[in-house]
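Given next are the chains, with one letter for each unit.
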Amino acid sequence: MKPAIRPRFSLRAKLALLSLLLLALPWVGYRYVKEMEALLLEGQRDALVATSRAVATALHDRPQLMQVRPRTSLSSQSASIALLPGEELVEAAPTPAAEVESDQPAVAEVEAILRGLERTTSRIWVVNRDLRVLALAGSLRHDERAESGAAGGNGGERLTGWKGPWYALLARIMPPGGAALDDVVDPDRVATGREVFDALLMGAPASRLSRIADSGVMVVSAAHPIWSGDQVLGAVVVEESTHSIQSLRNRALERLLLLTLAGFVIAAVLVFGFASRLSSRIRRLRDEAEGAIDARGRITPVRTGSVAGDEVGDLSRSFSALLDRLARNQSYLESMASRLSHELRTPIAVVRSSLENLHTVAMPQEAETYMARAEAGLSRLSRILSRMSEATRMEQALATTESERFDLRTVVNECVNGYSVVYPTQRFEGDLPAYPVWVRGAPDLAAQMLDKLVENAADFAQPETPIRISLKFLSAMAELSVTNIGPPLPAELEGRLFESMVSARKRDGGDEPHLGLGLYVARMIAVFHGGTLRAENLETGDGVCMSAEFRLA
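To start, this report covers the structure provided alongside it. On a predicted model such as this, the values are computed, not experimentally measured, just so you know. (Residues numbered from 1 in each chain as written. Predicted model: local features only at pLDDT ≥ 70, side-chain atom pairs only at ≥ 80, totals over all residues. Heavy atoms only, no water.)

1. A look at the environment of Leu-552
Part 1: Within the secondary structure layout, Leu-552 lies in the segment after strand E12 (543-551).
Part 2: The spacing of Leu-552 and Gly-530 is 22 residues in sequence and 9.1 Å in space, taken between C-alpha atoms.
Part 3: Sequence-distant contacts of Leu-552, defined by excluding residues within four places in its chain, comprise Val-437, Trp-438, Val-439, Phe-473, Ser-475, Ala-476, Met-477 and Ala-478. (Helix = DSSP H or I, 4+ residues; strand = E, 2+ residues; numbered from the N terminus. Contact = heavy atoms within 4.5 Å.)

Below, the structure written as structure tokens:
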């Protein structure tokens, strides 16, 4: 029973699936970039906290700087103040000019402290306990254009060639920072900022990472309290956008994506080339293994990859060594028949001459019976030797026989007419075309092959059933078939029926020896005529059909 064959899954497909494990490398690289981004953000927050601490140190224990009055009227800020239902905005009395003028030196001093930090990458503002911004320095828009250009491609320059689709893909994977930031401090950030709350009410430095609404920009802010004794008078808030970190992250991801694509292309080419070469070597080895036995049943060696040092080379060398031993064994078996025939002919001749001499000597009546048995056994042994040497003689005859053009229909018709005399108890039916069938070969060999097929059919045909001999055209070939009604071919002989010394007959010890050489000789004749010989059971399962093909001339 043959094992069930699994669905075909080529070696190249398996290696391609195995190479998908390389997808873990870009994922690891992406996780590494994200970890580095988190570390940079943490470092940026610590740096902003340190900056706010340094500015707050310059404002400690100076309460007069935190008690300034606003220089704008309430109506000018009404647009940014949210009123509850039923509330009205009441205009306060104008601040006396003397008080405003007295506030100017304090505001100027705070602004002077912050002015030295305007050239930094941060925005710094000071807020008092009334959540009023007293001074502002720096900007968040100092490098947005350059960083957005580095993150998005070429800073608005028209991209041509492969750069356009490449940066379009990067923009979808890594979107740019977003809209430009506004340098005006949003009152909502002052009132709702957690870092401002912690600094003013808790007296502790704090930091926060927030996203500016409708901009997609991340802003890191840090606040540090301004002390006067044990009292918190205000806070210093330092803000900085994450444009630089995002730009660095995008450049790292861009390089990672580019290297990943290049690595995948190189790996795919190498894996596909290696798999193709390995698959081709295995296929060649398979083809040579399948063709190791030629049409005449002879074994040829396998040489694919015989000099390779890998496992496929070892396998091919093992196949070659195995087939070489089988070929030597086959050669020995093929020559054994002729050797036995040659070695046994002399003892048989001695026995035959001895029996003939015994006939000239007066012997008892009982000895005549044993003499007859000895002569019958000797005759049977002689026929066995003749059958054993028949295949050898046929190979030698085929090697020296010249092909000619002849009418196969005439040869088959003459044979069918003669079978009625040879097999008087058997009925034959011929199905021959009405026109000649010209083939190239030897007519006497074709008749000999048909004799072997008919002899085999007559041995297995059931009594009173006809043996049908038909000849027909099959494209560029002519098919000669012999059909008999009888037992089907056994499954264990499938593919082996035409080999030497193989027979489906039972060993009944009859007078006629059967060594399994008849169909072997018939196959050699069919190969000589450029065709093949095959045997198959009838579809009804009650008989066997043997067919031989001839090449048309």
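2. Considering a positive patch on the surface
Part 1: Taken together, the side chains of Arg-12, Arg-277, Arg-283 and Arg-284 define a basic patch exposed on the protein surface.
Part 2: The leading source of residues in the positive patch is helix H8 (residues 243-290), at three residues.
Part 3: Position of Arg-277 relative to the elements: it lies in helix H8.
Part 4: Its relative accessible area of 53% is what places Arg-277 among the exposed residues. (Patch = residues over 30% accessible without salt bridge, like charges linked within 9 Å, V, L, I, M, F, W, Y side chains within 5 Å. Areas by Shrake-Rupley, 256 points an atom, 1.4 Å probe, with all protein chains shown as cover. Salt bridge = Lys/Arg side-chain N within 4 Å of Asp/Glu carboxyl O. Lys, Arg positive; Asp, Glu negative; His and termini not counted. Charge placed at Lys NZ, Arg CZ, Asp CG, Glu CD. Buried < 20%, exposed > 50% of the residue type's maximum accessible area, 1.4 Å probe, protein only.)

3. Brief notes about helix H11 (residues 408-422)
Part 1: Between its first and last C-alpha atoms H11 spans 21 Å; for 15 residues at 1.5 Å apiece the expected length is 21 Å, and the two agree.
Part 2: At the N-terminal end of H11, a side-chain oxygen is found 3.1 Å from the backbone nitrogen of Arg-409, two or three residues along, and the residue is Asp-407. (Expected span 1.5 Å × (residues − 1). Polar contact = N/O pair within 3.5 Å; in protein donor to acceptor, adjacent residues only side chain to side chain.)

4. Points about the nonpolar core
Part 1: Core analysis: the largest hydrophobic core is formed by 46 residues, its most contacted members being Leu-408, Met-449, Leu-450, Ile-469, Leu-480, Val-482 and Phe-550.
Part 2: Elements with a contribution of two residues or more to this core: helix H10 (365-400), H11, helix H12 (443-460), strand E9 (467-474), strand E10 (477-485), helix H13 (518-528) and E12.
Part 3: The dominant element in this core, judged by the number of residues it contributes, is H12, at nine residues.
Part 4: Grouped together as the second largest cluster of nonpolar side chains are 22 residues, Leu-41, Val-55, Leu-134 and Val-238 included. (Core = buried A, V, L, I, M, F, W, Y, C linked by side-chain atoms within 4.5 Å.)

5. A word on helix H7 (residues 194-202)
Part 1: What H7 keeps buried is the set Glu-195, Val-196, Asp-198, Ala-199 and Leu-200.
Part 2: Once H7 finishes, Gly-203 follows within two positions and takes phi at roughly 70°, a positive value.

6. Thoughts on the pattern of salt bridges
Part 1: Inspection of the entire model under this criterion finds 14 salt bridges.
Part 2: Notably, a salt bridge pairs Lys-34 with Glu-37, separated by 3.3 Å at the nearest N-O pair. Taken as a pair, Lys-34 and Glu-37 lie in helix H2 (residues 24-59) at a separation of three residues, close to a single helical turn.
Part 3: Residue Glu-37 is classed as buried on the basis of its relative accessible area of 11%.
Part 4: One connected set of salt bridges, linked through shared partners, spans Arg-427, Glu-429, Asp-431 and Arg-468.

7. Focus on the sheet that holds E10
Part 1: Pairing is mixed in the open sheet, where five strands are placed in the order E7-E9-E10-E12-E11. Bordering the open sheet on either side are strand E7 (428-431) and strand E11 (533-537), each of which pairs with just one other strand. Adjacent strand axes in the sheet meet at a mean angle of 20° when their direction is disregarded.
Part 2: Across four bridges, E7 lies against E9 in parallel orientation. (Pairing = 2+ DSSP bridges. Axes fitted to C-alpha atoms, helices over the stretch in contact; angles between N-to-C directions.)

8. Side note on the sheet that holds strand E3 (residues 206-211)
Part 1: Taken together, the five strands give an open sheet; going across it, the order is E2-E1-E5-E4-E3, and neighbouring strands pair in antiparallel fashion. Each edge of the open sheet carries a strand with a single partner, namely strand E2 (133-138) and E3. Neighbouring strand axes in the sheet, compared pairwise and without regard to direction, differ in orientation by 20° on average.
Part 2: With five bridges joining them, strand E1 (residues 123-128) and E2 adopt antiparallel strand pairing. The residue of E2 that forms the bridge with Ile-124 is Ala-137.
Part 3: The strands touched by H2 are E1, E3, strand E4 (218-228) and strand E5 (231-241); relative to E4, the strand with the most contacts, the crossing angle is about 30°.

9. Observations regarding the environment of Gly-29
Part 1: Tracing the chain through its elements places Gly-29 in helix H2.
Part 2: In this structure, the C-alpha to C-alpha distance between Gly-29 and Leu-256, residues 227 residues apart in sequence, is 7.0 Å.

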